[in-house]
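As a plain string of letters, each chain reads:
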Amino acid sequence: MTGTADPLPPQARRFIEGRRVARLATADAAGVPQVVPACFALSGATAYIAIDAKPKRGPAMGLKRLRNIAANPAVALVFDHYEEDWTRLGWVMLRGRAEILPPGSAEHAAAQAVLKARYTQYAAMALGDLPVIAIRIAAARSWGRLTDEEQAA
């Protein structure tokens, strides 16, 4: 979707692509944080998160995460692996700036296509009129065991 060089080391990218859910951290203009689980798809130097059709308390643009991004686009996205054997723990954190992609743009349509390819549940949802969060990855940090071989050992 973007022509930017990949900011993720291959091992971190593989680790992320092996996760089904991430945690999206946003903060409002006053710095009050919020963390929510999120389904995601990676494409180059961008992570996409759909605003989907699951029941919400109000209209999509009223969601706290979208209001936070509009006020403060600095975000973090965390992917982790947890086991009771703490020698197998690992995580990757992405930091970047988030944008809210409105329906109708080419990037919005392409983002929804990669999200639908990753999550079959999205195929049954009417997502075309809903925004997508695009996180322009600026930095990646990691810790612990990031490879499947290390986690399966």
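As the structure is a prediction and not an experimental result, all values here were calculated from the model.

Q: If you had to explain the pattern of salt bridges to someone new, which residues and values would you point to?
A: Enumeration according to the criterion identifies seven salt bridges in this entry. For Lys64, the salt bridge goes to Asp28, with nearest N and O atoms at 3.6 Å. Taken as a pair, Lys64 in helix H2 (residues 64–71) and Asp28 in the loop between strand E1 (22–27) and strand E2 (33–38) lie far apart in primary sequence, 36 residues in all. The partner of Asp85 in a salt bridge is Arg88, with the nearest N and O atoms 3.4 Å apart. Residue classification places Arg88 among the partly exposed residues on the basis of a relative accessible area of 22%. Linked by salt bridges that have partners in common, Glu83, Asp85 and Arg88 make up one network.

Q: Can you break down the side chain of His108 residue by residue, with the values?
A: Tracing the backbone through its elements, the reader meets His108 in helix H3 (residues 106–118). The contact partners of His108, leaving out residues within four places of it in the chain, are Leu101, Pro102, Pro103, Leu127, Gly128, Leu130, Pro131 and Val132.

Q: Explain the packing of aromatic side chains to me, using residue names and the numbers behind them.
A: Considering all chains together, one arrives at two aromatic pairs under this definition. With a centroid separation of 5.6 Å and 65 degrees between ring planes, the pair formed by Tyr119 and Tyr122 is classed as edge-to-face. Owing to a relative accessible area of 3%, Tyr122 belongs among the buried residues under this scheme. The ring centre of Phe15 lies 4.1 Å from the NZ or CZ of Arg19, which sits over that ring. The aromatic ring of Phe40 is capped on one face by Arg118, whose charged end is 4.3 Å from the ring centroid.

Quick notes on the rules
Throughout, residues of each chain are indexed from 1 in the direction in which the sequence is written. For a predicted model such as this one, the threshold for reporting local features is a pLDDT of at least 70, and the threshold for listing and counting side-chain atom pairs is 80 or more; totals across whole chains, interfaces and linings nevertheless cover every residue. Note that the side-chain values use all heavy atoms of the structure and ignore hydrogens as well as water. A side-chain nitrogen of Lys or Arg and a carboxyl oxygen of Asp or Glu constitute a salt bridge if their distance falls within 4 Å. Under the DSSP-based scheme used, a helix requires at least four consecutive residues in state H or I and a strand at least two consecutive residues in state E, with every element numbered from the N terminus. Exposure categories follow from relative accessible area, calculated using a 1.4 Å probe and restricted to protein chains: below 20% of the type maximum is buried, above 50% is exposed, and the middle band is partly exposed. Contacts are assigned to residue pairs that have any heavy atoms within 4.5 Å of one another. To pair, rings of Phe, Tyr and Trp, with the six-membered ring standing in for Trp, must have centres within 6.5 Å; the planes then decide the type, stacked if under 30 degrees apart, edge-to-face if over 60, and tilted in the middle. Consider the ring centre and the ring normal. A charge sits over the ring if Lys NZ or Arg CZ is within 6 Å of that centre and within 35 degrees of that normal.

It is worth stressing that arrangement in space is one thing and function is another; only the former is reported here.
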